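As a plain string of letters, each chain reads:
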There are 2 protein chains.
Amino acid sequence: MMKVRPVEKSPGVNLYEQVANRIQSLIEERTLQPGDRIPSVRKMHDQMNVSISTVLEAYRLLEDRGLIAARPQSGYYVRQTLPFSPQEPTPSTPPGLACRVDTSFAVRINTALREPGMIKLGAAVPDPELFPINALNRLMGQVLRQNPELCHSYNALPGCEPLRHEVARRLMDAGCSVTPDQILVVNGTTEAMYLSLRAITKPGDTVAIESPSYYGLLEILESLHLKVLELPTHPRDGISLPDLEKAFSRGQVAACAVVSNFSNPLGSCMDDARKKELVELLERYDIPLVEDDVYGELGFGESRPKAIKAFDRRGLVLYCASCSKTLSPGLRVGWAVPGRYQNQVEQLKLSTNIVTATANQLTIAAFLANGGYDRHLRNLRRSYAEQVLRMTQAICEYFPEETKVTRPTGGHVLWVELPLDLDAIALYDEAYRHRISIAPGSMFSASGNYRNCFRLNCGLVWSPQVEAAMKTLGGLIENQVSEQTRSRPLFLA
Amino acid sequence: MMKVRPVEKSPGVNLYEQVANRIQSLIEERTLQPGDRIPSVRKMHDQMNVSISTVLEAYRLLEDRGLIAARPQSGYYVRQTLPFSPQEPTPSTPPGLACRVDTSFAVRINTALREPGMIKLGAAVPDPELFPINALNRLMGQVLRQNPELCHSYNALPGCEPLRHEVARRLMDAGCSVTPDQILVVNGTTEAMYLSLRAITKPGDTVAIESPSYYGLLEILESLHLKVLELPTHPRDGISLPDLEKAFSRGQVAACAVVSNFSNPLGSCMDDARKKELVELLERYDIPLVEDDVYGELGFGESRPKAIKAFDRRGLVLYCASCSKTLSPGLRVGWAVPGRYQNQVEQLKLSTNIVTATANQLTIAAFLANGGYDRHLRNLRRSYAEQVLRMTQAICEYFPEETKVTRPTGGHVLWVELPLDLDAIALYDEAYRHRISIAPGSMFSASGNYRNCFRLNCGLVWSPQVEAAMKTLGGLIENQVSEQTRSRPLFLA
């Protein structure tokens, strides 16, 4: 019977997380194989000399990570995981030149991504099944009954107090100590980003961004007549700070915009040290940053990562988030913490659409206050972790072996990199004919890079349809591969 | 017993409207005095040789206009109307120069206008009492129950079909034949105006507007770094077309923006001939116009005035409206018909906040479809007509005789012009100390005009509090007058 070394307490990481990591590495090294029964809680407690409850916590965490599953009356087993673990994409190396944005391509695709009757592997849209719809509707009914006049009147800027209060409370988990007065309620993260970028730039300015970067951000930048500087980005650690500093020191950029946690599309998550370093850079060069943290609460680990805003002492970080990935995109409720730019952002909100719908704000506030948000979030994170795992498994099974894919530790998107000579746009067109949508890599670049990449949405609950779609997709890629080979001129063979 | 001449049918005007106008003029000439019983329906039918139903229609219209009231078992009586009819303000004559906008003053005031615990005679906010809140809440509950997933998902641009269908149907009353596909759903009229102006201008452009002009519009123009050309405007007929043509022919302006019906703040309403002429101007010079028609359904007459859009054949008019003055500002639902600029406006909507909340759209759609909108609108128009009348009466009673005030034929705002040496900003400060808010005239001008004017909101249901506020306001004005007199140097006396 396999013996597991005791863990020696190391600071920073919770003990149960250390235990979980130890077991995970055993699974990754195939010491524990899929289907194996893992040592009972009591055994593990003896072997690692940690408390029973610590072992239970660790097992729960491993369940969250989709690595083990409990079988009633029989203990925990290693789940069917990856037949081989696919390579990660290499860090990006975009051309270091500021350029105008043209999203006409992204727009055409994006429209198609939202078409009904498609299997939506393109748009990063969560499955409505995963949202607490009944609870939200019940709460909205209460809100309407309890505040009839309020719900049908303008609320005053910066938005309804109960929501701002709850958001401030939640932001403490992200390491931010902000008061409700510092929070502005808006219509979703996009509006938060849009108003923030508008407040800190003027047409013609250049904004430093990750590469690849969320096409929604590119659309905002284009609509504001801004140029972008796409910077090298690591699939795990995010934007390259040395390159960012270079851009700062050359006075190339007026602002920057990043997704801090479980970014879209790479899934990268900066660690605290890099977040701190980033903020120091902002302070040294006095350059503002727009932080998109819409995925921040969707980590597969136990503790929510800090926001960049947590390290911001001079109000240079404009924090943006919403409930669109956790509770309901349809209610269109989000928030911004614009730091020293609060007045400008509020004034822009006023002249853009005055305020956000009252009942919608109060409904989200009510759910955060007493709708069992933590329990819901726990299940949601577990589902996303599971779906990301299943999609990765499907990639291993159905896609060519050279396929590279990211290993996000949160969120619900995967970034897939195909061999260089494959064309994800052609693949998109093929898939579209099969009523499957994917998001071609070129959508995520202002300079038309990543033609051989695409983003996969793992927001859908795993189902035979989704698996079939992945299989079809794999087949379409294989076809391209074989065509490529056929079409290669002989003298090159 | 007074005899009423028969009416001879004149084309264009409904017969019952002619009858009503005839009786109204008898009231205005004091032939029929307040408290007088007006001839019975049967008498009137004989005297004017029109059908009984026509007379009834006419009386209903006069009731709507707040001129007569029915007493059970005793017939119709002339209501207490104006002790004297106050002078109208003269058409405005702003300086004919394009200028930058600075709304910092308006912003400061506007914030105060929305403070709780104030008697809101400043902000043009309707009394929530006037909205069908219970019906809306019931419908929203149904909408949530019947479309649980849809309500919590993104809807696709240009917005939910049921709402666009109802809006298209309603726009027929405004003389517009538009299809649902030509309508874009947004968050209120402000967003419609904002996106429209953004689509047709670039920073530095000049936009021709009415003077005085709604401060919300000025805030939008400022936020887009646009200059404004304030044009002479008639308190009844609206913007001066000759001056507009002059500006067009000199190539001074890139676009214009007007409130077509029952404008805010003047209450002016262009007649069809002028609307047609305006559109011909736009076509001749190929200049787009943003039409704010948020008050279009709030006329005191029987038939809804046409929109400028009704005469638009080349898609140069970007039509904007919402349900914020008729059903609920709190739901934040509005719409735009951007004509030939539809793609640009939709793209801007996408990058500003993607789409408008789904449940909110479907709730308004449900009310328009089967919530008894017409009945509601009828009562609402009657209330506004009555409140405008009562406010005017209070002005006659409590304000100095030199006071001039507009005679809007719809909407719920009055524009008050005081003698030139009075200061409405000082008055605002005084009133504020008495917890009464008014909107000083300077808010409605980019060039700081109208310091002796202010706007009164008649959206509040008439009450002793409102009357007391008007009395206080009158007192404060009288104080200023007497101070002025005292402070006049002797040699001028």
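Keep in mind it's a predicted model, so treat the numbers as computed, not measured. Sequence order sets the numbering: in each chain, residues are counted from 1 along the sequence as written. All chains are assigned letters beginning with A, and all ligands numbers beginning with 1, in the order in which they are written. With the structure being a predicted model, the display of local features is reserved for residues of pLDDT at least 70 and the display and counting of side-chain atom pairs for 80 or more, all residues being used for whole-chain, interface and lining totals. Note that the side-chain values use all heavy atoms of the structure and ignore hydrogens as well as water.

## Thoughts on the overall build of chain A
This is how it is decided: Only DSSP runs of H or I covering at least 4 residues are called helices, and only runs of E covering at least 2 are called strands; the numbering of each starts at the N terminus. C-alpha atoms define the radius of gyration, and 2.2 Å times the number of residues to the power 0.38 defines the globule rule. Exposure categories follow from relative accessible area, calculated using a 1.4 Å probe and restricted to protein chains: below 20% of the type maximum is buried, above 50% is exposed, and the middle band is partly exposed. The criterion used for residue contact is that any of the two residues' heavy atoms lie within 4.5 Å. For the area figures, the Shrake-Rupley method with a 1.4 Å probe applies, and any residue is considered shielded solely by the protein chains shown. Working convention for charge: Lys and Arg count positive, Asp and Glu count negative, and His plus the chain ends are omitted. Every charge is mapped onto a representative atom, which is NZ of Lys, CZ of Arg, CG of Asp or CD of Glu.
Scanning chain A from terminus to terminus reveals 16 helices and 17 strands. Against the 2.2 N^0.38 benchmark of 23 Å for 493 residues, chain A shows a C-alpha radius of gyration of 23 Å, consistent with a compact globule. Overall, chain A is about 65 × 65 × 45 Å in size when its C-alpha atoms are taken along their principal axes. With 493 residues in all, chain A has 62% of them scored as buried. Partitioning the intrachain contacts of chain A with sequence separation of at least 6 by distance along the chain shows that 76% fall at a separation of at least 24. Of the roughly 18,900 Å² of accessible surface on chain A, a fraction of 52% belongs to carbon and sulfur atoms. With 54 positive and 54 negative side-chain charges, chain A shows a separation of 3 Å between the mean positions of the two kinds.

## Details of the interface of chain B and chain A
Here is the rule we go by: Accessible surface is computed with a 1.4 Å probe, and the buried area is the amount of it that two parts give up when combined, taken over both parts together. Here, a salt bridge means any side-chain nitrogen of Lys or Arg that lies within 4 Å of a carboxyl oxygen of Asp or Glu. Any pair of N or O atoms that falls within 3.5 Å is considered a polar contact. Within protein, one atom must be able to donate a hydrogen and the other to accept it, and sequence-neighbouring residues count only if both atoms are side-chain atoms.
Across the boundary between the two partners, chain B contributes 48 residues, which contact 48 residues of chain A. Counting the surface lost from both chain B and chain A, the interface buries some 4,100 Å², and carbon and sulfur atoms represent 58% of this. Linking chain B with chain A are zero salt bridges, by the criterion used here. On inspection of chain B and its partner chain A, the count reaches 24 residue pairs in polar contact (both at pLDDT 80 or more).

## Details of the nonpolar core
For clarity, the cut-off: We call a set of buried Ala, Val, Leu, Ile, Met, Phe, Trp, Tyr and Cys residues a nonpolar core when their side-chain atoms join them within 4.5 Å.
Counting residues in each nonpolar core, the largest one holds 176 residues, and the members touching the most others are Phe454(A), Leu456(A), Leu473(A), Phe454(B), Leu456(B) and Leu473(B). Counting residues in each nonpolar core, the second largest holds 104 residues, with Met270(A), Val290(A), Val317(A) and Ala255(B) among its members.

## Re the relation of the copies chain B and chain A
For clarity, the cut-off: When the copies are superposed, the least-squares fit takes in the C-alpha atoms of residues with a pLDDT of at least 70 in both.
Overlaying chain B with chain A gives an RMSD of 0.1 Å, the required rotation being 180° about an axis along which the chain moves by 0.0 Å. Such values leave the two copies arranged in the relation of a two-fold axis. Within chain B, Gly141(B) has its C-alpha nearest the rotation axis, a separation of 3.1 Å. With an isologous cut-off of 70% or more, the 100% of interface residues of chain B that recur at the interface of chain A puts this contact in the isologous class.

## Brief notes about the domain arrangement of chain A
Just so we agree on the cut-off: Domain ranges listed in this record stem from an automatic or a database domain assignment.
Assigned domains within chain A: domain 1 (15-78) and domain 2 (131-369). Taking only C-alpha atoms into account, the centre of domain 1 of chain A sits 36 Å from that of domain 2 of chain A.

## A look at the environment of Asn370(B)
Turning to its location among the elements, Asn370(B) is positioned in helix 13 (residues 358-370). Taking C-alpha positions, Asn370(B) is 9.7 Å from Leu139(B), a pair spaced 231 residues apart along the chain.

## Looking at the environment of Leu298(B)
All names here are of chain B. Position of Leu298 among the secondary structure elements: in the loop between strand 10 (289-292) and strand 11 (317-322). What makes Leu298 buried here is its relative accessible area of 0%. Not counting residues within four places of it along the chain, the set of residues in contact with Leu298 comprises Phe262, Lys325, Thr326, Leu377, Leu380, Arg381, Tyr384, Gly410, Gly411 and His412.

## Remarks on the side chain of Ser260(A)
Residues and elements named next belong to chain A. Residue position: Ser260 is located in the loop between strand 9 (255-259) and helix 11 (272-285). Using a relative accessible area of 0% as the deciding quantity, one classes Ser260 as buried. Apart from residues lying up to four places away in sequence, Ser260 is in contact with Ser268, Cys269, Met270, Lys275, Glu291, Asp292, Asp293 and Ile308.

## A look at the sheet that holds strand 17 (residues 453-457) of chain B
All names here are of chain B. Which entries qualify depends on this criterion: In this analysis, strands are considered paired if DSSP registers two or more bridges between them. Axes here refer to lines fitted to C-alpha atoms; in helices the fit is confined to the stretch in contact. Angles between the N-to-C directions go from 0 to 180 degrees.
Read across the sheet, four strands follow the order 13-14-17-16 without closing on themselves; strand pairing throughout is antiparallel. The open sheet has two edge strands, strand 13 (404-405) and strand 16 (439-440), and neither has a second partner. When strand 13 meets strand 14 (residues 413-417), the two strands line up antiparallel, connected through two bridges. Within the sheet, the bridge partner assigned to Lys404 lies in strand 14 and is Glu417. Against the sheet, helix 14 (residues 373-398) contacts strand 13, strand 14 and strand 17, and its axis sits at roughly 20° relative to strand 14.

## Describing unusual backbone geometry
All names here are of chain A. For the bond running from Leu157 to Pro158, omega is 0°, close enough to zero to count as cis. Summarising the element assignment, Pro158 is placed in the loop between helix 6 (148-151) and helix 7 (161-173). Each neighbour pair has its own omega, and for Ser211 with Pro212 the value is 0°, a cis peptide bond. By the element assignment, Pro212 lies in the loop between strand 5 (206-210) and helix 9 (215-223). With a phi close to 55°, Arg332 is a non-glycine residue in the positive phi region.

## Section: the state of the cysteines
All names here are of chain A. Stated formally: Working definition: a disulfide is two cysteine sulfur atoms within 2.5 Å of each other.
What the rule picks out here adds up to zero disulfides over all chains. Left unpaired, Cys160 is separated from the closest cysteine sulfur, that of Cys151, by 8.1 Å. Relative accessible area serves as the criterion here: at 6%, Cys160 is assigned to the buried category. Considering cysteine sulfurs only, Cys458 is the nearest to Cys396, which forms no disulfide, with 12 Å between them.

## A look at the sheet that holds strand 9 of chain A
All names here are of chain A. Spatial strand order, 4-12-11-10-9-5-6: seven strands in an open sheet with mixed pairing. On the outer flanks of this sheet lie strand 4 (184-186) and strand 6 (227-231), each paired with one strand and no other. Adjacent strand axes in the sheet meet at a mean angle of 20°, parallel and antiparallel pairs treated alike. Pairing of strand 10 (residues 289-292) with strand 11 (residues 317-322) involves four bridges; the strand directions are parallel.

## Some thoughts on the pairing of strand 5 of chain A
All names here are of chain A. Filter applied, for reference: Orient the strands so they point away from the viewer; a crossover is then right-handed if the path from the first strand over the helix to the second runs clockwise.
Of all five residues that make up strand 5, five are buried, and the element is covered over most of its length. As paired strands, strand 5 and strand 6 are joined by five bridges and run parallel to one another. When the bridges of strand 6 are listed, Glu210 appears paired with Leu231. Between the parallel pair strand 5 and strand 6, the chain is carried across by helix 9, and the sense of this crossover is right-handed. Two strands pair when backbone bridges link them, and strand 5 and strand 9 are joined in this way by three bridges, in the parallel orientation. In the sheet register, Ala208 faces strand 9, and the bridge partner there is Cys256.

## Some thoughts on the packing of helix 5 (residues 133-146) of chain A against helix 13 (residues 358-370) of chain A
Residue and element names in this part refer to chain A. Our working definition: To sort the angles, those under 35 degrees are grouped as roughly parallel, those over 145 as roughly antiparallel, those from 65 to 115 as roughly perpendicular, and the leftovers as oblique. Crossing handedness follows the turn of the near helix against the far one: under a right angle anticlockwise gives a left-handed crossing, and clockwise gives a right-handed one. Think of it as three bins: nonpolar holds Ala, Val, Leu, Ile, Met, Phe, Trp, Tyr, Cys and Pro, charged holds Asp, Glu, Lys and Arg, and polar takes everything else, Gly as well.
Where helix 5 contacts helix 13, the axes come no closer than 9 Å and their chain directions differ by 120°. As summarised for this structure, helix 5 and helix 13 are arranged oblique, according to the angle between their axes. Seen along the crossing, helix 5 lies across helix 13 with a hand that is right-handed. Of the residues in helix 13, those in contact with Ala135, Leu136, Leu139, Met140, Val143 and Leu144 of helix 5 are Ala359, Asn360, Leu362, Thr363, Ile364, Ala366, Phe367 and Asn370. Its residues assigned to classes, the contact of helix 5 with helix 13 comprises 11 nonpolar, three polar and no charged.

## Digging into the packing of helix 1 (residues 15-28) of chain B against helix 3 (residues 52-64) of chain B
All names here are of chain B. For the pair helix 1 and helix 3, interaxial distance at closest approach is 8 Å and the crossing angle is 55°. The orientation of helix 1 relative to helix 3 falls into the category oblique. For the pair helix 1 and helix 3, the sense of crossing is right-handed. In this structure, helix 1 uses Leu15, Tyr16, Glu17, Val19, Ala20, Ile23 and Gln24 to contact helix 3, whose residues at the interface are Thr54, Glu57, Ala58, Tyr59, Leu61 and Leu62. Residue composition of the contact of helix 1 with helix 3, grouped by class: nine nonpolar, two polar and two charged.

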